[in-house]
Amino acid sequence: MGTVRLNGTDLREYRLVLAENARNEWYGADEILNGILFRYFGVRLSGSGRREIVLGYNGGGKPYGLFGAEIFSRYGNLYFGAGSVCMTLQSVYVFLARYLRPDPAGGDIDVDIPGDAPVYAASGPDWSEVPEWLSLQDRIVRSCFKVEAYLQYDHSRGSFYTYQHNGYRSRLDLARAEDNRVTNCVITMDWVLKDVGLFDKGILNHTYDGTCGYTYGSDEVRRGCEAAFDIVPVDCTVRELAERGDLKPGDVMFFTDHNQIIVNDRTALDGGRGHCFVKAVGARFRWFVGENRCLDQQPGFLFRPKDAV
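What you see is a predicted model, and the numbers here were worked out from it, not measured in a lab.

**Notes on the layout of surface pockets**
In this structure, the largest pocket occupies an estimated 420 Å³ of space. Forming the walls of the largest pocket are 22 residues, and the residues nearest its centre are Tyr163, Asp257, His258, Gly272 and Arg273. Where the lining of the largest pocket is concerned, the elements lending two or more residues are α5 (185-195) and β11 (204-206). No other element matches α5, which puts three residues into the lining of the largest pocket. When grouped by side-chain class, the residues that make up the lining of the largest pocket number eight nonpolar, nine polar and five charged. For the second largest pocket, the calculated volume is near 330 Å³.

**Points about the packing of helix α1 (residues 29-41) against helix α2 (residues 85-99)**
One way to put it is that α1 packs onto α2 with a least axis distance of 9 Å and a crossing angle of 15°. As judged from the angle between their axes, α1 and α2 are roughly parallel. Of the two possible hands of crossing, α1 and α2 adopt the one that is right-handed. For the pair formed by α1 and α2, the contact residues are Ala29, Ile32, Leu33 and Ile36 on the first element and Val85, Thr88, Leu89, Val92, Tyr93 and Leu96 on the second.

**A short note on the sheet that holds strand β4 (residues 52-55)**
The strands making up a sheet are joined through hydrogen bonds of the backbone, oriented either antiparallel or parallel. A sheet is described by the order of its strands in space; here five strands give the open sequence β3-β4-β6-β5-β8, paired in mixed fashion. Strand pairing shows two members of the sheet lacking a second neighbour, β3 (15-18) and β8 (120-122), which therefore form its edges. Across the sheet, the mean angle from the axis of one strand to that of its neighbour is 15°, orientation sign disregarded. Where β3 meets β4, four bridges bridge the pair, whose relative direction is parallel. Considered in β4, the bridge of Leu16 is made with Ile53. Strands β4, β5 (69-74), β6 (77-82) and β8 of the sheet are contacted by α2, whose axis makes an angle of about 135° with β6.

The rules behind the values
- Residues numbered from 1 in each chain as written.
- Predicted model: local features only at pLDDT ≥ 70, side-chain atom pairs only at ≥ 80, totals over all residues.
- Heavy atoms only, no water.
- 1 Å grid on protein atoms, 1.4 Å probe; cavity = no way out; pocket = protein on both sides within 12 Å on 5 of 7 lines; lining within 4 Å.
- Points joined across faces, edges and corners; volume = space filled by probe spheres on them.
- Helix = DSSP H or I, 4+ residues; strand = E, 2+ residues; numbered from the N terminus.
- Nonpolar A, V, L, I, M, F, W, Y, C, P; charged D, E, K, R; others polar.
- Axes fitted to C-alpha atoms, helices over the stretch in contact; angles between N-to-C directions.
- Parallel < 35°, antiparallel > 145°, perpendicular 65-115°, else oblique.
- Left-handed = near helix turned anticlockwise from the far one by under 90°.
- Contact = heavy atoms within 4.5 Å.
- Pairing = 2+ DSSP bridges.

Structure (structure tokens):
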């Protein structure tokens, strides 16, 4: 693997600085950025020098609203200034889409970020820039954060996502356009799988017969899932999977009449009642991506991206 240089300096010499608003108890922008840099470029931001990559609020004192974000360079440092974890993540993925791409030949990569003005600015969620070189596993995790970002943004404006068994829209963009934000564990999962392009019509669903099973809602769903996933039987709890090192980001967990998508060993995208303020039909969601409250439950199997590492 070649050397990755940012503004002429080896990326490994940069120190990662994380503001409080770029991390919460269950996930942080540092994990995502460092994980991707290591998997695709062999780089960890562990330098002890004076060069920094700063995630979240920064020492320059720039004010950011909750849904503001910028990418800019100053005094040799790179800043992902943002008002929240999700907006920090949004800017990280934009940076990856615009400025970094693995070199199949293993050559050096040079990234230049001019220091005269921000190279990116946002005042709300916009996840249209996708690093196309990401694996399916990493694109699924990215789409989990996309869904969470829109929940946070819409809730701040009085448009709430609520738990319902029916009446849902099949895609997130339709739910927002039609101002119909009812969803559940199956539909939230399918919003993510549709966002990464596995299928467009139909849903991946449960069997609802008292056993842990699944159904494909269309031939398109079947083809997309069979091409993308390995189906892995599970004989222990989610926590035990994590402890034995066999729980991976992007895993789609199937319990009897419930499902979730793993983000890390303590975090999941989950559209079930357990992620609502009150565990009841009609309740408002607290978050989609948050504390995994199914760690001590045993799934029957999981759908794992075939490119998972």
